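Each chain, written out:
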Amino acid sequence: MAHDFQVVVDTADPHVLADWWAETLGWPVEPTDEDFIREMIAKGYAKEEETRTYHGSLVWRTGAAIRHPDSPPEGPPRRILFQEVPEPKTVKNRLHIDVWVGADNVEATLEKLTSRGAKFLHRGRQGPHSWVTMADPEGNEFCIS
């Protein structure tokens with residue numbers, strides 16, 4: 001049986017990194033449900049310090065997610081979750097995201113992403129296939145091809 005999954009990225013600031021990746025992939029950030037958050041606090045399931053205001057909305061402090069625009073409204077979404085962790089990234093990722101932009105768009109995408117805070121790491125090639133390895137603003141490696 002095949003399983004659905006989501007990708008989870010550890011981060012110092014889930015909302016900022018979710019915004020960066022949402023713009024990079026063209027995926028929307030999942031909307032916040034302020035009424036639900038307030039209800040969880042009122043019922044004692046959560047505390048005020050577990051929230052923050054981001055872009056004028058009440059959000060959970062420790063997480064934010066982006067969702068593929070074609071994800072079904074019901075059932076498991078195609079999603080990337082960004083979760084707050086206290087420690088900074090210190091070593092190379094053992095898993096990374098490949099973003100397919102098309103061979104004709106790699107150089108323009110490289111320039112656009114570096115102007116938004118990504119870092120160029122190196123170029124790779126295997127047979128007729130080539131890619132550019134980069135790091136997002138928090139140092140998480142990814143490739144464009």
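All residue numbers refer to positions counted from 1 along the written sequence of the respective chain. Local features in this predicted model are restricted to residues of pLDDT 70 or higher, and side-chain atom pairs are both shown and tallied only at a pLDDT of 80 or more, whereas totals for entire chains, interfaces and linings draw on every residue. The side-chain quantities take in all heavy atoms of the structure and omit both hydrogens and water.

Peer 1: I would appreciate a short explanation of the pattern of salt bridges in the present structure.
Peer 2: A side chain of one charge can pair with a side chain of the opposite charge if their charged atoms are brought near each other. We define a salt bridge as a contact between a side-chain nitrogen of Lys or Arg and a carboxyl oxygen of Asp or Glu at a distance within 4 Å. One pass over the structure, following the stated rule, counts nine salt bridges. Residues Arg116 and Glu23 are paired through a salt bridge, measuring 3.2 Å at the closest nitrogen-oxygen approach. You can see Arg116 sitting in the loop between helix H3 (106-115) and strand E7 (119-126) and its partner Glu23 sitting in helix H1 (residues 14-25), a full 93 residues away along the chain. Taken together, the salt bridges that share partners define one network made up of Glu30, Arg67 and Arg79. Helix and strand labels come from DSSP, where a helix needs a run of H or I of at least four residues and a strand needs a run of E of at least two; each type is numbered from the N terminus.

Peer 1: What exactly am I supposed to notice about the sheet that holds strand E5 (residues 79-84) here?
Peer 2: Strand pairing in a sheet relies on backbone hydrogen bonds, with the paired strands running either antiparallel or parallel. Here we have three strands laid out as an open sheet, ordered E1-E5-E4, and mixed in their pairing. Unpaired on one side and paired on the other, strand E1 (7-11) and strand E4 (63-67) mark the two borders of the sheet. Strand after strand, the sheet turns through a mean of 20° between neighbouring axes, direction not considered. Strand pairing is assigned whenever DSSP detects at least two bridges linking the two strands. In this sheet, E5 lies alongside E4 in antiparallel orientation, the contact comprising five bridges. Residue pairing across strands places Ala64 opposite Phe82, the latter belonging to E5. Each of E1, E4 and E5 is contacted by H1, which is oriented at about 10° to E4, the strand it contacts most. Every axis corresponds to a line fitted to the C-alpha atoms, with the helix fit spanning only the stretch in contact, and the corresponding angles, defined between N-to-C directions, vary from 0 to 180 degrees. Here a residue-residue contact requires only that any non-hydrogen atoms of the pair lie within 4.5 Å.

Peer 1: Would you take a moment to explain the sheet that holds strand E9 (residues 141-144) for this structure?
Peer 2: Spatially, E6-E9-E8-E7 is the arrangement adopted by the four strands of the open sheet, whose pairing is mixed. With partners counted over all chains shown, the strands left at the sheet margins are strand E6 (97-99) and E7, one partner each. Neighbouring strand axes in the sheet, compared pairwise and without regard to direction, differ in orientation by 25° on average. For strand E8 (residues 129-135) and E9, the ladder comprises four bridges, and the chain directions are antiparallel.

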